[in-house]
Amino acid sequence: MRVETQCKILELTQLSSGGWSMTLESKGIAAQISAPGQFLHIKCGDSQLLRRPISICNWSAQRDLIRIVFEARGEGTRWLSQRQVGDSLDVLGPLGNGFSMKPDGKYLLVGGGIGVPPMLGCAVHGGSVCAAVLGFRSAQNTMLLEEFGQACPGGVRLATDNGSLGHHGFVDALVRQELSEHAGCDGVLACGPKPMLKSVAAVCAEKGVPCQVSMEERMGCGVGACLVCACKNTQGHYMHVCKDGPVFSAQEVDWND
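Only a predicted model underlies this, so the values are computations on that prediction, with no experimental measurement involved.

A.B. asks: I'd like a description of the pattern of salt bridges, backed by residues and values.
C.D. replies: Inspection of every chain in the model, using the stated rule, returns seven salt bridges. Across the pair Glu 4 and Arg 51 runs a salt bridge whose closest N-O atoms are separated by 2.7 Å. With Glu 4 in strand β1 (residues 3-14) and Arg 51 in the loop between β3 (39-42) and β4 (52-60), this residue pair connects regions lying 47 residues apart in the sequence. With relative accessibility at 17%, the residue Arg 51 sits in the buried group. A salt bridge links Arg 51 to Asp 90, with the nearest nitrogen and oxygen atoms 2.9 Å apart. Here Arg 51, found in the loop between β3 and β4, pairs with Asp 90, found in strand β6 (residues 88-95); they are 39 residues apart in sequence, far enough to count as distant. Connected via shared salt-bridge partners are Glu 4, Arg 51 and Asp 90.

The structure is reproduced here in structure tokens:
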């Protein structure tokens with residue numbers, strides 16, 4: 001059940017990557033989260049007609065807290081980054097369908113850029129044994145590495161576009177290595193730019209490993225009433241990323257759309 005309420009900002013810090021970490025008093029939203037990968041729809045000032053979808057990074061139903069991590073890319077998220085501790089936000093959530101994870105499952109988590117934060121929720125609240133492959137533009141853009149190290153007993157491997165940290169290149173090469181070297185993976189869970197998701201999905205299809213992807217699309221209403229976030233499936237039909245997703249089986253997605 002989604003909730004619309006006023007959530008107080010309890011913590012707001014700028015990360016070394018330039019992104020922002022915000023912890024909210026959730027007013028019951030945290031207790032409604034059914035799976036990692038869901039998101040909040042946040043009103044970002046009176047001048048912004050549309051809310052901004054922000055993935056849930058982590059949460060505690062017991063403490064009634066939700067953490068989000070975001071980048072100030074446009075007017076709405078810049079407004080959000082300029083709030084102060086103690087301010088309240090108009091928040092709708094939790095929205096969408098998250099990742100399907102077995103309690104005792106063994107998963108490889110793959111995140112790219114701002115698609116990294118929601119994967120932390122998978123590591124903390126998902127399968128009992130997880131490893132992570134995280135991709136960034138450079139060493140300066142990395143985020144949440146300490147948290148992933150604590151939450152992923154299977155280890156964390158890094159890729160950077162410019163080779164300044166970890167593997168020089170994209171995450172799909174590391175995904176292929178992980179799946180080749182470690183048998184018995186119950187699935188790959190991925191969030192990031194569509195080209196990254198497409199390449200990870202191709203590796204998983206090659207290795208015969210189930211893959212779930214969280215699609216990044218612009219959103220309007222956030223509840224499936226408009227067509228702003230529609231994407232095509234392999235049957236030629238359109239799916240709403242906000243309502244039917246944002247998480248889909250990689251086999252459902254038309255990667256040539």
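A.B. asks: Pulling in residues and values, what's your account of the state of the cysteines?
C.D. replies: In this structure the tally under the stated criterion is zero disulfides. Note on Cys 57: no disulfide assigned, nearest cysteine sulfur contributed by Cys 122 at a separation of 10 Å. Take Cys 57: its relative accessible area is 0%, and that puts it in the buried class.

A.B. asks: Lay out the packing of helix α4 (residues 171-181) against helix α5 (residues 194-207) with the relevant residues and their values.
C.D. replies: In the contact formed by α4 and α5, the axes pass within 9 Å of each other and the chain directions differ by 20°. When the interaxial angle is binned, α4 and α5 end up roughly parallel. The two elements α4 and α5 meet at a crossing, and its hand is right-handed. Here α4 contributes Val 171, Asp 172, Val 175, Arg 176, Leu 179 and Ser 180 to the contact with α5, which in turn contributes Met 196, Ser 199, Val 200, Val 203, Cys 204, Glu 206 and Lys 207. Split by residue class, the contact of α4 with α5 holds seven nonpolar, two polar and four charged.

A.B. asks: Could you give an account of the nonpolar core, with specific residues and numbers?
C.D. replies: In globular proteins that are soluble, nonpolar side chains generally tend to be buried together. Counting residues in each nonpolar core, the largest one holds 34 residues, and the members touching the most others are Leu 108, Val 110, Leu 179, Val 188, Val 200 and Val 213. Listed by contribution, the elements that provide at least two residues to this core are β6, β7 (106-112), β8 (129-136), α4, β11 (187-191), α5 and β12 (211-214). Among the elements that line this core, the one with the most residues is α5, at six residues. If near-sequence neighbours (up to four positions away) are discounted, Leu 108 is found in contact with Ala 131, Ala 132, Val 133, Val 175, Glu 178, Leu 179, Cys 185, Gly 187, Val 188 and Leu 189. Cys 57, Phe 99, Met 119 and Cys 191 belong to the second largest nonpolar core, which has 26 residues in total.

The rules behind the values
- Residues numbered from 1 in each chain as written.
- Predicted model: local features only at pLDDT ≥ 70, side-chain atom pairs only at ≥ 80, totals over all residues.
- Heavy atoms only, no water.
- Salt bridge = Lys/Arg side-chain N within 4 Å of Asp/Glu carboxyl O.
- Helix = DSSP H or I, 4+ residues; strand = E, 2+ residues; numbered from the N terminus.
- Buried < 20%, exposed > 50% of the residue type's maximum accessible area, 1.4 Å probe, protein only.
- Disulfide = S-S within 2.5 Å.
- Axes fitted to C-alpha atoms, helices over the stretch in contact; angles between N-to-C directions.
- Parallel < 35°, antiparallel > 145°, perpendicular 65-115°, else oblique.
- Left-handed = near helix turned anticlockwise from the far one by under 90°.
- Contact = heavy atoms within 4.5 Å.
- Nonpolar A, V, L, I, M, F, W, Y, C, P; charged D, E, K, R; others polar.
- Core = buried A, V, L, I, M, F, W, Y, C linked by side-chain atoms within 4.5 Å.

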